[in-house]
Amino acid sequence: MHDARLCPWIPVTREELQALVESPISKVEPLEGGFTNTLHKVTMTTGLVVVVKHYAGGRKSFRDEVETLMRLAGVLPVPEIVRTDVERKAVVYRWIAGTTLDDCRRKEPPAAFASLADPLGRLFAWVARTEPLDTEDRWDVVPLLAHARALLARSRARERMGTPLATALLAAYDARADQLGWGNQVLCHRDIGGRNILV
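Below is a short write-up of the structure.

A word on the packing of aromatic side chains
To describe a pair of aromatic rings, you give the distance between the ring centres and the angle between the ring planes. Under the defined criterion, the tally for this structure stands at one aromatic pair. On the basis of an interplanar angle of 75° and a centroid distance of 5.4 Å, the ring pair of Tyr 55 and Phe 62 is categorised as edge-to-face. Both residues of the pair, Tyr 55 and Phe 62, count as buried.

Quick look at the structure:
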């Protein structure tokens, strides 16, 4: 099976986890399913369960996620941060019990899965209307679109997808180019999927 991870697992010892959670540990479980970071479910002898997340994407991704979680706390159901460690680029947050949307789709009756469409739709609509957290962090999407078009017109990406598909995508792009640059920047997770949504 192909490993879809973008960054390799970060080696983390039990001693490091114990230092991060600042409490004796009774159980450690590596959490799989992510593409970038390394996560462990840690159960302490007190019974408290937390997740320790080590960021492989560098200090900026660590800082951005911590700031985002802190600013969205109380607004969205995001993980509650217990503590952070800047040197290790690690965050400890409370374990959230639940089932991923992917597991719900696979294991629950179709009606249970379908019942989530309305609340998730309302949540995503709200996110799509929410201003970015950093209003100074703006960019012009038009050059990005022009670059994407250039890649479709001539690049290795075109070669890899094949001329017929690249040509069809290019035609669709050109037919709707005036619509692609429309809209305002909004809050965006960039990785919303069935494995990242707990129900």
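Still more to cover.
Examining the sheet that holds strand β4 (residues 81–85)
Strand order in the open sheet made by the five strands is β1-β2-β3-β5-β4, with antiparallel pairing throughout. Sheet topology places β1 (25–31) and β4 at the edges, where each strand pairs with a single neighbour. Between one strand and the next, the sheet's axes are offset by a mean angle of 20°, whatever the strand orientation. Where strand β2 (residues 38–44) meets strand β3 (residues 49–54), six bridges bridge the pair, whose relative direction is antiparallel. By the bridge assignment for β3, His 40 is matched with Val 52. Here helix α1 (residues 14–21) sits on the sheet in contact with β1, β2, β3, β4 and β5 (90–94), set at roughly 110° to β1.

Rules and cut-offs
- Residues numbered from 1 in each chain as written.
- Predicted model: local features only at pLDDT ≥ 70, side-chain atom pairs only at ≥ 80, totals over all residues.
- Heavy atoms only, no water.
- Phe/Tyr/Trp six-rings, centres within 6.5 Å; stacked < 30°, edge-to-face > 60°.
- Buried < 20%, exposed > 50% of the residue type's maximum accessible area, 1.4 Å probe, protein only.
- Pairing = 2+ DSSP bridges.
- Helix = DSSP H or I, 4+ residues; strand = E, 2+ residues; numbered from the N terminus.
- Axes fitted to C-alpha atoms, helices over the stretch in contact; angles between N-to-C directions.
- Contact = heavy atoms within 4.5 Å.

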